[in-house]
Amino acid sequence: MDLNFQTESMVLFFLVLFSLTILPVKIGATIFGSTSNELKLCAISVFIGTFLSMLCLMLIGGFWV
């Protein structure tokens, strides 16, 4: 069983996900002069924002009707 394709695909997936979500948050924080514009803090804010939006979607529901 060859697992190289799956491992490389996951690395590529996380790199694309990183560049589409965390980097714009870091760039925005830098542009607006935030003092907390470290990469790890931007990643935490993206995670919290995603979690809260999914929670609101489950609680409110009916967006696709």
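Presented here is a report on the structure given in the accompanying data block. Throughout this description, residue numbers start from 1 for each chain and increase along the sequence as written. Where totals are concerned, whole chains, interfaces and linings use all residues; where local detail is concerned, this predicted model gives features only for residues with pLDDT of at least 70, and gives and counts side-chain atom pairs only at 80 or more. To get the side-chain values, all heavy atoms of the structure are used, and hydrogens and water are removed first.

**Some remarks on the packing of aromatic side chains**
Remark: the centre distance and the inter-plane angle together describe each pair of aromatic rings, the angle taken between the planes. What counts here: Each aromatic pair joins two rings of Phe, Tyr and Trp (for Trp, the six-membered one) with centres within 6.5 Å, and gets the label stacked for planes under 30 degrees apart, edge-to-face for over 60, and tilted for any other angle.
Taken as a whole and assessed by the stated rule, the structure comprises one aromatic pair. A centroid spacing of 5.4 Å and a plane angle of 65° characterise the contact between F13 and F14, whose relative ring orientation is edge-to-face.

**Some details on helix α2 (residues 39-60)**
For clarity, the threshold we go by: The way it works is that DSSP assigns letters per residue, a run of H or I at least four long becomes a helix, a run of E at least two long becomes a strand, and they are numbered from the N terminus. Expected helix span is given by 1.5 Å per residue-to-residue step, counting one fewer step than there are residues.
Its 22 residues give α2 an end-to-end C-alpha distance of 31 Å, which sits within 8% of 32 Å, the value for a rise of 1.5 Å per residue. Backbone geometry just after α2 places G61 at a positive phi near 60°.

**A look at the pattern of salt bridges**
Put simply, the rule reads: By convention in these notes, a salt bridge is any Lys or Arg side-chain nitrogen within 4 Å of a carboxyl oxygen on Asp or Glu. The cut-offs for exposure are 20% and 50% of the maximum accessible area for each residue type, with area from a 1.4 Å probe on protein chains only; residues under the lower value are buried, those over the upper are exposed, and the others partly exposed.
For the coordinates displayed, the defined rule picks out one salt bridge. With its nearest N and O atoms 4.0 Å apart, the salt bridge here joins K40 to E38. Classification of K40 by relative accessible area gives exposed; the value is 55%.

**Quick word on a nonpolar patch on the surface**
The following threshold applies: Only residues whose relative accessible area exceeds 30% and that form no salt bridge are eligible for patches; like-charged ones are grouped when within 9 Å, while nonpolar side chains (Val, Leu, Ile, Met, Phe, Trp, Tyr) are grouped when within 5 Å. Residue exposure ignores everything except the shown protein chains as possible cover, and the areas themselves are Shrake-Rupley values with a 1.4 Å probe.
On the surface, L41, I44, F47, I48, F51, L52, M54, L55, L57, M58, L59 and I60 cluster together into a nonpolar patch covering about 1200 Å² of accessible area. Within the secondary structure, I44 sits in helix α2. On the accessibility criterion, I44 (45% relative accessible area) is partly exposed.

**Considering the environment of K26**
Definition in use: The contact definition used throughout considers only heavy atoms, calling two residues in contact when any of these lie within 4.5 Å. Two N or O atoms form a polar contact when they lie within 3.5 Å of each other; inside protein one atom must be a possible hydrogen donor and the other a possible acceptor, and for residues adjacent in sequence the pair counts only when both atoms belong to side chains.
Relative to the helices and strands, K26 is located in helix α1 (residues 4-31). Expressed as a C-alpha distance, the spacing of K26 and N37, which sit eleven residues apart in the sequence, is 5.8 Å. Residue contacts for K26: discarding those within four places in its chain leaves N37, L39 and C42. A polar side-chain atom of K26 sits 2.7 Å from the main-chain carbonyl oxygen of N37.

Take it as geometry only, folks, not as evidence of what the structure does.
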